[in-house]
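A structural walkthrough
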Amino acid sequence: MGRIISVANQKGGVGKTTTAVNLSASLGKVGFKVLLIDVDPQGNSTSGLGIDRRKINISTYDVMTGMKNPEEAIIKTEFSNLWLSPSNIDLAGAELELISLEQKELRLKSAISAITGEYDYILIDCSPSLGLVTANALCCSDSLLIPVQCEYYALEGLSQLVNTVRKLKNRANPGLGVEGVLLTMYDGRLNLTQQVTSEIKKYFSKKVFSTVIPRGVRISEAPSFGKPVVYFDENCKGSKAYMELAKEMINKSQTA
């Protein structure tokens, strides 16, 4: 059975999609079979893997609303061991459509249940909100990975995310845990970075990953070329950091 991990934080600009794309690519690069499910209407994970959102005929939206099977939406990317269930702007309407459906928070779980055994890891790139689509992602996940930017407002809204996780655990997914908190856009030379890191470690204790993701031009450039940074420039600091994150996560799951 594949391990399902949602990458989520309702605060935008924290490196959520960058992490979903590059962690997926890194896991694939070391030999694991990976599916990345894009449930963000902006579709940045989709374009970040070189897929033109305008040319998508079947997307995660069709899967969640029950119009298509997940196998019909999944695309094999050009990157090693990496598949994608793409997203486009159609998914923006899913929030309203799901409200009237039965088991509205379990639509994605039900849809992908038949294929979870085909992958070692399934990562879900969530939208920067805590609506029904994100709830669907969390309800079908084993755990939640939270990227947090090293800035002054880093902890803003995290308590709301934790409360949402707690409610979903009680109501629909008792097995949901926190995979870890990932510090992004890290610059160890700054006092602010050290202060934020200290606060996050107080808040999340041992759930903070040892690996941190540095600021980097190559990380920012890679999406415009439709490539994960681990393929765009495998020797840059950002690539090395995401490969280390993949290894840390693998080791963590093997020793759990």
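Keep in mind it's a predicted model, so treat the numbers as computed, not measured. (Residues numbered from 1 in each chain as written. Predicted model: local features only at pLDDT ≥ 70, side-chain atom pairs only at ≥ 80, totals over all residues. Heavy atoms only, no water.)

1. Considerations on the pattern of salt bridges
Let me state the cut-off plainly: Note on definitions: salt bridges are taken to be side-chain nitrogens of Lys or Arg within 4 Å of carboxyl oxygens of Asp or Glu. In this description a helix means any DSSP run of H or I spanning at least four residues, a strand means any run of E spanning at least two, and both kinds are numbered starting from the N terminus. Exposure classes here rest on a 1.4 Å probe applied to the protein chains alone. A residue is buried below 20% of its type maximum, exposed above 50%, and partly exposed in between.
With the rule as written, the count across this model stands at 11 salt bridges. Close ionic contact of Glu 179 with Arg 3 constitutes a salt bridge, the shortest N to O distance being 2.7 Å. Taken together, the residues Glu 179 in strand β7 (residues 177-186) and Arg 3 in strand β1 (residues 3-7) connect sequence positions 176 residues apart. A relative accessible area of 4% places Glu 179 in the buried class. One salt bridge in this structure joins Lys 29 and Glu 234, with 3.2 Å as the shortest N-O distance.

2. Quick word on the pairing of strand β8 (residues 208-214)
Convention followed: At least two DSSP bridges between two strands are required for those strands to pair. Handedness of a crossover is defined as follows: orient the strands so they point away from the viewer, and if the path from the first strand over the helix to the second runs clockwise, the crossover is right-handed.
With respect to burial, β8 is a largely interior element, 5 of its 7 residues being buried. Across 3 bridges, β7 lies against β8 in parallel orientation. Within the sheet, the bridge partner assigned to Val 181 lies in β8 and is Val 208. Once you follow β7 into helix α9 (residues 191-204) and on to β8, the crossover reads as right-handed.

3. Description of the side chain of Thr 184
Our working rule: Contacts: residue pairs with any heavy atoms within 4.5 Å of one another.
Note on placement: Thr 184 falls in strand β7. Excluding anything up to four places from it in sequence, Thr 184 contacts Val 14, Thr 19, Pro 147, Val 148, Gln 149, Cys 150 and Ile 213.

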